[in-house]
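Below, each chain spelled out in residue letters.
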Amino acid sequence: MTSTNPILPREGPRDECGVFGVYAPESDVARLTYFALYALQHRGQESAGIATVDGGEIVATRELGLVAQVFDEPKLRALPGTMAIGHVRYSTTGSSAWENAQPIHRSDRHNVALAHNGNLINAVELHAELRERGVGFRSTSDSEIIAALISTHEADRVEDAIEDVIPRLEGAFSTVVMSPEGLFGFRDGAGLRPLALGRLGDRYCIASESCAFDIIGAELMREVQPGELVGLGERGIRTSQVVESERQAFCVFEHIYFARPDSQLEGRLTQLSRRKMGEILWREAPVEADLIIAVPDSGNPAANGYAQASGIAKDDGLIKNRYVARTFIQPGQELRRHGLRMKFNPLPEIVGGKRIVVVDDSIVRGNTTRQIIGMLRDAGANEVHLRISAPPIRHPCHYGIDMSTRQEMIAHDRSVEEVARELGADSLAYLSLRGLYEAIGADRSTHCDACFTGDYPLERTDGARGKFALEELAVVQS
Ligand code: SF4
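Residues numbered from 1 in each chain as written. Predicted model: local features only at pLDDT ≥ 70, side-chain atom pairs only at ≥ 80, totals over all residues.

J.: Is there a simple way to explain the overall build of the protein chain in this structure?
T.: The secondary structure content of the protein chain amounts to 17 helices and 25 strands. Going through the 478 residues of the protein chain one by one, you find that 55% of them count as buried. In the protein chain, the share of contacts with a sequence separation of at least 24, taken over all contacts with a separation of at least 6, comes to 72%. (Helix = DSSP H or I, 4+ residues; strand = E, 2+ residues; numbered from the N terminus. Buried ≥ 20, exposed ≤ 12 C-beta atoms within 10 Å, placed from the backbone. Contact = placed C-beta atoms within 7 Å.)

J.: Looking at this model, I keep getting lost on helix α6 (residues 158–165). Mind explaining?
T.: Since the α-helix packs 3.6 residues into each turn, any two residues three or four apart lie on the same face. Here α6 has its buried residues at V158, E159, A161, I162 and V165. Considered in projection along α6, the buried side chains sweep an arc of 160 degrees and stay on one side of the axis. Buried residues belonging to α6 abut β7 (111–120), α5 (142–151), β8 (171–179), β9 (182–187) and β13 (228–233). (Arc of directions from axis to C-beta.)

J.: Quick question: what am I supposed to make of the nonpolar core here?
T.: Here is a general trend for soluble globular proteins: nonpolar side chains tend to be buried in one another's company. In terms of nonpolar packing, the biggest core is built from 142 residues, with F20, I150, I162, M178 and V358 touching the most fellow members. Broken down by element, the residue count for this core peaks at seven residues, all from helix α1 (residues 29–39). For this core, the two domains that each supply at least three residues are domain 1 (2–249 + 465–477) and domain 2 (269–441). Filtering out sequence-adjacent residues up to four positions away, V358 remains in contact with I293, V295, I372, L376, V384 and L386. (Core = buried A, V, L, I, M, F, W, Y, C linked by C-beta atoms within 7 Å. Domains from an automatic or database assignment.)

J.: Would you mind showing me how to read unusual backbone geometry here?
T.: When glycine is set aside, most residues are seen to have a negative phi, and most peptide bonds are trans. A cis geometry characterises the amide bond from Q102 onward to P103, with omega recorded as 5 degrees. By the secondary structure assignment, P103 is in the loop between β5 (83–89) and β6 (104–107). A cis amide bond links P296 with the next residue in sequence, D297, at an omega value of -10 degrees. Mapped onto the elements, D297 comes out in the loop between β18 (291–294) and α10 (300–310). One non-glycine residue, D413, adopts positive backbone phi at about 65 degrees. Along the chain, D413 turns up in the loop between β22 (383–388) and α14 (416–423). Residue D413 is classed as exposed on the basis of its 10 C-beta neighbours within 10 Å.

So this is what it looks like as structure tokens:
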């Protein structure tokens, strides 16, 4: 039976997910996955899930909430198995939110569980094709399309099905798939979202970020290559290059903000890249000031770099309540405004009577920044100069990060001076694109920076429509 799903307005940034997979028959794979997801919690805070393969069957638990809220001892103990995959998700609220939680489990022809980080550009076409073939859907996520393509595939082996499906997918997809036949990880040809391979004793695991390996005592081996399919099983690792893309396009924003500072990206510790961004920001945009403060925690590494390069003292002028989820990924402007007062508290004893430089990693809408500047002035700061360790965000992301619409972005259609005025800052400077690439020691030609430049690396750029159009189609199997 089909039913109409209510369409909720989309608002707020979303869909920065984290994935994990481990093959380790002699270990408690659900517990390993739990802790790996715990380390990846920053990538998605709306739902969490774990699936295991036990004796040829897939067992899965997924619910709305943080990893520590979703799982307890009895739930973990109910997930025995030889291998596991897990997922943390950020998405909108609404009636279909639970249905969109992952891992997705389908058993059409093949019994598979799947966890995905990214956004398919050709979701609408693939969805229509599958519907025409009589394939039903329980969710409105594009991730279920990948699961359905694999699960309904006529190939005898899941691995062959995956190899055949990968070239049909367009967009960003760092994905882990598990079936009783084995565990697989693959990444889109452009390598938009991160995915890394780790070693756990003589077994292997896959994660969005290497911080997930650290927490379980695994070591980072290497990144899964763009277009590569990796299989983990009894005989170790198998790998094949399924697609070759003309253009690699790793998300440069992962270096700036998304990834945890203790994760390695492209061979660099993110904390050090961000510190370097701060150093270069000082070189590009120095200012006479008495004190540097970071917007905690995301601005900390760049503020350290800015302070080190400038010789100006740095102190904690804003105290953050660590038990409030970061505002960037909370939906809705009103919530964000209310949430902020719970989140930051300025210290008049530190900032009072001083010329302050506030360093942060990025500005999307500017509501948070505007309020921070207001709070610092109320706390007695004489001047507030804003330094941002990324270029202005002016364009939407079509590759798995929903950063609001262009119109909501404060830098859209505004000069830097106009943005400074909007925010109430005495001065504002952003890191240049050139400075950003210098900081990460990489080249534009292998990265995506479309939200800063509007220069989309994939031919098709209507991905946002594709993803949301699935909800607009509003046809789900009930
Ligand atoms: S548009 Fe921005 S956030 Fe999206 S993939 Fe490109 S660099 Fe990353």
